[in-house]
2 protein chains.
Amino acid sequence: MRNENLSKDIQRIETATMADKVELRLREFLKKKAFKPGDALPKELELAEALNVSRNVVREALSRLRMLGMIESKKKRGTILAEPDVMGGFERVMDPLILDQKTLQDLFELRLVLEMGLADILFARITNKDIEGLERIVDKEVNKIQQPFRVKFEIDFHSKLYQMTGNDTFLRFQNILLPVFEYVVKEEQLLTGKAKVGKVTHRDLLELIKKGKPEDFRRGMKEHLSPHFARVNKRLM
Amino acid sequence: MRNENLSKDIQRIETATMADKVELRLREFLKKKAFKPGDALPKELELAEALNVSRNVVREALSRLRMLGMIESKKKRGTILAEPDVMGGFERVMDPLILDQKTLQDLFELRLVLEMGLADILFARITNKDIEGLERIVDKEVNKIQQPFRVKFEIDFHSKLYQMTGNDTFLRFQNILLPVFEYVVKEEQLLTGKAKVGKVTHRDLLELIKKGKPEDFRRGMKEHLSPHFARVNKRLM
DNA sequence: TTTGATCAATATGTAGGACAAAAAAATTTC
DNA sequence: GAAATTTTTTTGTCCTACATATTGATCAAA
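On a predicted model such as this, the values are computed, not experimentally measured, just so you know.

**Let's talk about the overall build of chain A**
Within chain A, the secondary structure is distributed over 13 helices and 2 strands. Partitioning the contacts of chain A with sequence separation of at least 6, the portion at a separation of at least 24 is 73%. Entry remark: accessible area of chain A is about 12,800 Å², with carbon and sulfur atoms responsible for 55%.

Given below as structure tokens:
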């Protein structure tokens, strides 16, 4: 593992294009100079001159940072450091990737871990308004149990849980993972013929939130997700 | 929130540069055509012609995808679709970002959630060899309790836990989060004068892994992390 | 003096041409 | 037939030119 990483690094340095190097330099530059959001970067031509590369190369590097939301450019004003937004970058990385089976599985598990781990923060932050919100979702759910709706309610309920942690990054992260979850579950359905659901329903979970402790909720969630956990254990073989 | 997003989107479409559009097109193209890793993309000039833009613009877009590790280019061979590697992309996004305080806090919490949630997968996959590995780490730890070593062992122990899940993506994800954790803990130390540690030690956790159940381990972990959870609750105010 | 319009300056965005460099493919040479 | 050489191809880099939007200044009018 270590060796593999090393060789990758060496290769990277060897084959690094000017744009790669400039990108690195710019990142260092931004860190070093302790730029604040809104601060203006040097102009492209200045950078090109200072780095001794063509403006073209500088633009490629800037284009990358711009895509990640690290900087913003305007016609005359120049280029400025943007508000940092990790998840914005992550969304862009994740979205269209044709993920391989292994990674899909890994991400699926990651989401299971999140669901199991969120209990403590959830209970620390929960408000009455949140509970009302959950009530509404669960109420709607009992009326429509047809397949196309089921998935929607599933998402609504669990998304609400993340939202209730009051942690935006967390919420956005789960939103990114959502497609993965949907895909794997859909695939699971195709394989086994039917959607598997644990014995503990969303309503049960809600009751646990209202009356129980984090540990109880977690136990419920584990049962709720048990079909998926079964899948996890299977992979052991 | 919704309105803010909307206005952001509208603005984005309006101000979208050619490179932005081409990037999008390429991503769609890669998805649509169901390219497999190793498949060759059209040449830059062909793309430029097909998209009716200059080669410059195409290169900016390709440069972005290349940075994320979605594609690889070689001198004569052309450009090929790379093995997808989400975390590789994420690392690049995350690494040098000057994160704001709020995001740091959010990510810190995300890691707490992971630690609390990993018990089930951990117990499902654990091997005797893993336990031996943990033993070694804990043994070394008891001898050297000086400050500079403490952090190292802290990292070693917890990293080992992630590694034991057998989920590479998970492990790499925690590695990315590591700097955040270190930073926040260090800051915490400066503030309170001394590193706070929960009553449950790494050795205790190891015993729980050997003899206990996931629930017990989780309870232990919560106690082990209790100083950090205290911080989480504080933020409620 | 204030307001509004016009114009010049400027930095990014886009286009297109040229050549270097590497690597594969084709050709020649022994 | 194998080795050495040349050709071809595609990305990487540089350069110049111009479009475009925006800022700031200048000027005109009320």
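**Considerations on the interface of chain A and chain B**
Facing 56 residues of chain A, the contacting portion of chain B comprises 57 residues. Buried area between chain A and chain B, both sides added, is near 5,500 Å², and the carbon and sulfur share of it is 63%. Notably, a salt bridge pairs B:Lys222 with A:Asp120, separated by 2.8 Å at the nearest N-O pair. Connecting chain A to chain B are 18 residue pairs in polar contact (both at pLDDT 80 or more). Looking at the side of chain A that touches chain B, the elements with two or more residues in it are helix 2 (18–32), helix 4 (55–67), helix 5 (86–94), helix 6 (101–117), helix 7 (119–125), helix 10 (168–192), helix 12 (214–224) and helix 13 (226–234) of chain A.

**Remarks on the protein's contact with DNA strand D**
What surrounds DNA strand D is a group of 20 residues, the closest being A:Met18, A:Ser54, A:Asn56, B:Lys43 and B:Arg55. In the interface set of DNA strand D, defined as its atoms within 4 Å of the protein, sugar plus phosphate atoms amount to 64%. Taking A:Met18, its main chain carries an N or O atom lying 2.5 Å from a phosphate oxygen of DNA strand D. A distance of 2.9 Å separates a phosphate oxygen of DNA strand D from a polar atom in the side chain of B:Arg59. Elements represented by at least two residues in the surface near DNA strand D include exactly helix 4 of chain A together with helix 4 (55–67), strand 1 (71–74) and strand 2 (78–81) of chain B. The residue inventory of the surface near DNA strand D, partitioned by class, reads 3 nonpolar, 6 polar and 11 charged.

**With respect to the protein's contact with DNA strand C**
Taken together, 22 residues lie near DNA strand C, and A:Lys43, A:Arg55, A:Arg59, B:Met18 and B:Ser54 sit nearest. In the interface set of DNA strand C, defined as its atoms within 4 Å of the protein, sugar plus phosphate atoms amount to 64%. Between DNA strand C and the protein, one listed contact pairs a phosphate oxygen with a side-chain N or O atom of A:Thr79 at 3.3 Å. Looking at the surface near DNA strand C, the elements that each hand over two or more residues are helix 4, strand 1 (71–74) and strand 2 (78–81) of chain A together with helix 2 (18–32) and helix 4 of chain B. Split into classes, the residues belonging to the surface near DNA strand C amount to 4 nonpolar, 7 polar and 11 charged.

**A look at the packing of helix 2 of chain A against helix 4 of chain A**
Each pair of packed helices gets described by two things: the angle between the helix axes and the distance between those axes. All names here are of chain A. For the pair helix 2 and helix 4, the least separation of the axes is 8 Å and the interaxial angle reads 60 degrees. Regarding the angle of helix 2 to helix 4, the classification is oblique. The way helix 2 lies across helix 4 gives a crossing that is right-handed. On helix 4, the residues touching Met18, Ala19, Asp20, Val22, Glu23, Leu26, Arg27 and Leu30 of helix 2 are Val57, Val58, Glu60, Ala61, Leu62, Arg64 and Leu65.

**A look at the nonpolar core**
If you look at the biggest cluster of nonpolar residues, it comprises 129 residues, and the most contacted ones within it are A:Phe90, A:Leu161, A:Phe217, B:Phe90, B:Leu161 and B:Phe217. Residues in contact with A:Phe217, not counting those within four places in the same chain, are A:Leu118, A:Ala119, A:Leu122, A:Phe123, A:Leu161, A:Leu205, A:Leu208 and A:Ile209.

**Here's the deal with the packing of aromatic side chains**
One pass over the structure, following the stated rule, counts 12 aromatic pairs over all chains. On the numbers, 5.4 Å between centres and 55 degrees between planes, the contact of B:Phe29 with B:Phe35 is tilted. For B:Phe29, a relative accessible area of 27% gives the class partly exposed. Among the residues examined, B:Phe35 registers a relative accessible area of 14% and is labelled buried. Among the aromatic residues, those joined into a ring-pair cluster are A:Phe90, A:Phe173, B:Phe90 and B:Phe173. Lying over the aromatic face of A:Phe229, A:Lys222 brings its terminal NZ or CZ to 5.6 Å of the ring centre. The ring centre of B:Phe181 lies 4.1 Å from the NZ or CZ of B:Arg111, which sits over that ring.

**Observations concerning the packing of helix 11 (residues 202–211) of chain A against helix 12 of chain A**
All names here are of chain A. As a packed pair, helix 11 and helix 12 sit with axes 9 Å apart at the nearest point and diverge in direction by 170 degrees. Of the possible angle classes, the one that applies to helix 11 and helix 12 is roughly antiparallel. Counted together, His202, Leu205, Leu208 and Ile209 of helix 11 and Asp216, Phe217, Gly220, Met221 and His224 of helix 12 form the full contact between these two elements. Class assignment for the residues of the contact of helix 11 with helix 12 results in 5 nonpolar, 3 polar and 1 charged.

**Observations regarding helix 4 of chain A**
With 13 residues, helix 4 of chain A extends 18 Å from end C-alpha to end C-alpha; this agrees with the ideal 18 Å at 1.5 Å per step. All of the buried residues along helix 4 of chain A are A:Val57, A:Val58, A:Glu60, A:Ala61, A:Leu62, A:Ser63, A:Arg64, A:Leu65, A:Arg66 and A:Met67. Residues of helix 4 of chain A that are buried sit in contact with helix 2, helix 3 (44–51), strand 1 and helix 5 of chain A together with helix 2 and helix 4 of chain B.

**Things to note about the relation of the copies chain A and chain B**
With an RMSD of 0.2 Å, the fit of chain A onto chain B corresponds to turning through 180 degrees and sliding 0.1 Å along the axis. Both chain copies can therefore be described as sitting about a two-fold axis. Distance from the rotation axis, computed per C-alpha, reaches its smallest value in chain A at A:Gly117: 1.8 Å. Mapped onto chain B, 100% of the interface residues of chain A are again interface residues, and the two copies thus contact each other with one and the same surface.

**Some details on helix 4 of chain B**
Of all 13 residues that make up helix 4 of chain B, 10 are buried, and the element is covered over most of its length. Residues of helix 4 of chain B that are buried in the fold lie against helix 2 and helix 4 of chain A together with helix 2, helix 3 (44–51), strand 1 and helix 5 (86–94) of chain B. In the stretch just after helix 4 of chain B, B:Gly69 is the one whose phi turns positive, near 80 degrees.

**What about the pairing of strand 1 of chain B?**
All names here are of chain B. Here 4 bridges tie strand 1 to strand 2, and the two strands are oriented antiparallel to one another. Bridged to Lys74 within strand 2 is Gly78. As consecutive antiparallel partners, strand 1 and strand 2 are separated by 3 residues.

Here is what the cut-offs are and how they apply
Residues numbered from 1 in each chain as written. Chains lettered and ligands numbered in written order. Predicted model: local features only at pLDDT ≥ 70, side-chain atom pairs only at ≥ 80, totals over all residues. Heavy atoms only, no water. Helix = DSSP H or I, 4+ residues; strand = E, 2+ residues; numbered from the N terminus. Contact = heavy atoms within 4.5 Å. Areas by Shrake-Rupley, 256 points an atom, 1.4 Å probe, with all protein chains shown as cover. Buried area = accessible area lost by both parts, 1.4 Å probe. Salt bridge = Lys/Arg side-chain N within 4 Å of Asp/Glu carboxyl O. Polar contact = N/O pair within 3.5 Å; in protein donor to acceptor, adjacent residues only side chain to side chain. Near = heavy atom within 4 Å. Nonpolar A, V, L, I, M, F, W, Y, C, P; charged D, E, K, R; others polar. Axes fitted to C-alpha atoms, helices over the stretch in contact; angles between N-to-C directions. Parallel < 35°, antiparallel > 145°, perpendicular 65-115°, else oblique. Left-handed = near helix turned anticlockwise from the far one by under 90°. Core = buried A, V, L, I, M, F, W, Y, C linked by side-chain atoms within 4.5 Å. Buried < 20%, exposed > 50% of the residue type's maximum accessible area, 1.4 Å probe, protein only. Phe/Tyr/Trp six-rings, centres within 6.5 Å; stacked < 30°, edge-to-face > 60°. Lys NZ or Arg CZ within 6 Å of the ring centre and 35° of its normal. Expected span 1.5 Å × (residues − 1). Least-squares fit on C-alpha atoms with pLDDT ≥ 70 in both. Pairing = 2+ DSSP bridges.

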